[in-house]
Amino acid sequence: MTNKSSVPKKLSFISIYFLGINAVIGSGTFLLPSVIYRYMNLTAILVLLCTAVTVSMIALCYADLSSRFTQSGAAWLYSYNAFGRFSGYELGIFTWFLGCTTLSAEVVALLTILKSFLPIFKNNAVYISGVIFLILLFSIINFFGRSWVKIVNNISAAAKIITLLVFIIVGAFFIKKAHFTPVIPHAALTGVGPFFKHFGAAFTPIFYLFTGFSFIPIAAKQMNNPEKNIPRVLIAVMTSVTILDCLMLLVAIGLSGQKLGGYSNPLASALKTGVGQWGFAFMIVGMLISIFGVAFSASFNTPSLIASLATEHGMLPKWIGKKNKHDAPWVGIIFTAVLSGALATQSYLFLVSCTVLASFVQYVPSILAVIKFKHSNEYPTHGFSLPGKYTVPIIALITSCYMVTATTAPKTLLLGAVVAVIAAACYFFIDKDEKLEKEHEDFLAKLRRKN
């Protein structure tokens, strides 16, 4: 008889919500307001709202897909069921690799900030030791499964929200109305071309503030009632982040005015202007907590992704999907730690560009999967139904295609192509699990008969 107390509890709605908050609110929230303001001044708030609406179109597509499937994997799983085994495998390997770059980028960002307070981290040996320590720390926490994951994740996300709320509430008392001018840069008013150039330049960094939502469904199998909870969490997270970011940017502009565009640590420097040195120190601590949370979220989701490739449909050797007694994918954790540690030797900006590409690589096939399922009526939704027919996914697809072609550096695109080619070559040497494949085909046939 199975001891029920030994079965790990699945993540609840609130834990999934906090996981989503940690995935979305990262270093960009604290570092990008200066760039955003520089291009559009006070009008940047309207650009932020416009961007939030367009990104929400993509998030709604993920909500639709997560309501159709309860397995782990997210983007690769959707692509697999929509377009076949090879496309799912290719996207899964590619997304896992770039998930590792997310973890590496946040680790590098964390240590870069520490350098400004602890000069010892400028020593290369100490810096590398810091990289190894942080990645080992995340790995050890994940080895103990969801019990530790929930505790660390909930504390990190709650602290992050509190930090932003303190900034907004305290900073609101020191706002100066004169700082809300100019409303828009003079250069943006010289013609239609210059206006859209400034708008696009602000749209791009704002878009990056929301991209982490796509990681929320990756560990679906470890969540309670995922087909209903994940869509609700996606909507709740996007709404929460939009409200927080709008209020944050409004207060930052009110505190600093045109000086905001010149700050390297915009929120910390803005609060320092209002309340003094303690405000700067408080926001720096909040920034560190935020980055730690994003890194932790990536360290939890990424191993689950590669493990799901092995366990869900046998697209990787079975041993890669092995789990310990805490239901943690320990082989995936080791693989992720090794690759992330190696990538953490690269520059922060290069890793960020890879992470951005990862988001777009997931978006396009996922959106196309929504269109296909709506057309074929395969895999019915449970708990959430995307409003309209094809309007939302078409808007999401246009937005994604524009962003991936307009904002991704050639070097990053080249790296992505190399990873895709290597993964494709390896595909033909991997033994396919025919039993799992047959089970999937039987499941698909059953759904078709049902519909």
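Residues numbered from 1 in each chain as written. Predicted model: local features only at pLDDT ≥ 70, side-chain atom pairs only at ≥ 80, totals over all residues. Heavy atoms only, no water.

Visitor: Tell me what's going on with the overall build of the protein chain, and back it up with residues and numbers.
Guide: Secondary structure summary: the protein chain contains 17 helices and zero strands in total. Within the protein chain, the fraction of its 451 residues that count as buried is 56%. If you take every contact in the protein chain between residues at least 6 apart in sequence, the share linking residues at least 24 apart comes to 82%. Carbon together with sulfur atoms contributes 70% to the accessible area of the protein chain, which is approximately 18900 Å² in total. (Helix = DSSP H or I, 4+ residues; strand = E, 2+ residues; numbered from the N terminus. Buried < 20%, exposed > 50% of the residue type's maximum accessible area, 1.4 Å probe, protein only. Contact = heavy atoms within 4.5 Å. Areas by Shrake-Rupley, 256 points an atom, 1.4 Å probe, with all protein chains shown as cover.)

Visitor: Before we move on, can you summarise the packing of helix α6 (residues 85-115) against helix α16 (residues 410-427) with the specific residues and values?
Guide: Taken N-terminus to C-terminus, the directions of α6 and α16 make an angle of 130 degrees; their axes are 9 Å apart at the nearest point. Taken together, α6 and α16 sit at an angle that is classed as oblique. Between α6 and α16 the crossing geometry is right-handed. Listed contacts from α16 to Arg 85, Phe 86, Tyr 89, Glu 90, Ile 93, Phe 94 and Phe 97 of α6 are Leu 415, Gly 416, Val 419, Ala 420, Val 421, Ala 423, Ala 424, Cys 426 and Tyr 427. (Axes fitted to C-alpha atoms, helices over the stretch in contact; angles between N-to-C directions. Parallel < 35°, antiparallel > 145°, perpendicular 65-115°, else oblique. Left-handed = near helix turned anticlockwise from the far one by under 90°.)

Visitor: Describe helix α9 (residues 192-208), with residues and values.
Guide: Compared with an ideal rise of 1.5 Å per residue, which puts 17 residues at 24 Å, α9 spans 25 Å between its outermost C-alpha atoms and is within 8% of the ideal. His 198, Gly 200, Ala 202, Phe 203, Thr 204, Pro 205, Ile 206 and Phe 207 are the residues of α9 that are buried. (Expected span 1.5 Å × (residues − 1).)

Visitor: Quick one: what's the story with the confidence of the model for the protein chain, residue by residue and with numbers?
Guide: On average, residues of the protein chain score 80 in pLDDT, and 88% of them are at 70 or above. Predicted confidence is poor over residues 1-6, with pLDDT under 50, and the contacts of this stretch with residues over four places away or in other chains come to one contact. (pLDDT = per-residue confidence, 0-100.)

Visitor: I'd love a proper account of the layout of surface pockets, names of residues and values included.
Guide: In this structure, the largest pocket spans a volume of roughly 710 Å³. Lining the largest pocket are 33 residues; nearest its centre among them are Ser 27, Tyr 208, Tyr 348, Val 352 and Val 356. Every element with two or more residues in the lining of the largest pocket is listed here: α1 (13-24), α2 (27-31), α6, α9, α12 (277-311) and α14 (348-376). Grouping the constituent residues of the lining of the largest pocket by class yields 16 nonpolar, 16 polar and one charged. (1 Å grid on protein atoms, 1.4 Å probe; cavity = no way out; pocket = protein on both sides within 12 Å on 5 of 7 lines; lining within 4 Å. Points joined across faces, edges and corners; volume = space filled by probe spheres on them. Nonpolar A, V, L, I, M, F, W, Y, C, P; charged D, E, K, R; others polar.)

Visitor: Describe the packing of aromatic side chains, naming the residues involved and giving the relevant values.
Guide: Counted according to the given criterion, the structure contains twelve aromatic pairs. With centroids separated by 5.8 Å and ring planes inclined at 35 degrees, the aromatic side chains of Phe 69 and Tyr 78 adopt a geometry described as tilted. The class for Phe 69 is buried, based on a relative accessible area of 3%. Clustering of aromatic rings is evident, with ring pairs tying together Tyr 62, Phe 69, Tyr 78, Phe 213, Tyr 363 and Phe 373. (Phe/Tyr/Trp six-rings, centres within 6.5 Å; stacked < 30°, edge-to-face > 60°.)

Visitor: Before we move on, can you summarise empty space enclosed by the protein with the specific residues and values?
Guide: Tallied over the entire structure, the rule returns four cavities of 30 Å³ or more. Approximately 50 Å³ is the volume attributed to the second largest cavity. Taken together, Leu 103, Ile 135, Phe 138, Ser 139, Asn 142, Ser 299, Pro 303, Ile 333, Thr 336 and Ala 337 make up the lining of the second largest cavity. Every element with two or more residues in the lining of the second largest cavity is listed here: α7 (124-143), α12 and α13 (330-343). The leading source of residues in the lining of the second largest cavity is α7, at four residues.

Visitor: Break down the pattern of salt bridges for me, citing the residues and quoting the values.
Guide: Evaluation of the coordinates by the stated rule reveals two salt bridges. Its salt-bridge partner being Asp 64, residue Arg 68 comes within 2.7 Å of it at the nearest N-O pair. Taking the relative accessible area as the measure of exposure, Arg 68 reaches 12% and is therefore buried. Across the pair Lys 372 and Glu 378 runs a salt bridge whose closest N-O atoms are separated by 2.9 Å. A relative accessible area of 28% means that Lys 372 is categorised as partly exposed. According to the relative accessible area criterion, Glu 378 is buried, its value standing at 9%. (Salt bridge = Lys/Arg side-chain N within 4 Å of Asp/Glu carboxyl O.)

Visitor: For α7, give the residues involved together with the corresponding values.
Guide: With 20 residues, α7 should reach 28 Å at 1.5 Å per residue; the first-to-last C-alpha distance of 29 Å fits that figure. Those residues of α7 not exposed but buried are Tyr 127, Gly 130, Val 131, Leu 134, Ile 135, Phe 138, Ser 139, Ile 141 and Asn 142. At the N-terminal end of α7, a side-chain oxygen is found 2.9 Å from the backbone nitrogen of Ala 125, two or three residues along, and the residue is Asn 123. (Polar contact = N/O pair within 3.5 Å; in protein donor to acceptor, adjacent residues only side chain to side chain.)

Visitor: Which residues make up the nonpolar core, and what values go with them?
Guide: Among the nonpolar cores identified, the biggest contains 138 residues, and Phe 167, Phe 210, Phe 213 and Leu 316 are the most heavily contacted of them. No other element matches the 16 residues that α6 contributes to this core. With sequence-adjacent residues up to four places away left out, Phe 167 is seen in contact with Ala 172, Met 248, Val 251, Ala 252, Leu 255, Leu 267, Ala 270, Leu 271 and Met 283. (Core = buried A, V, L, I, M, F, W, Y, C linked by side-chain atoms within 4.5 Å.)

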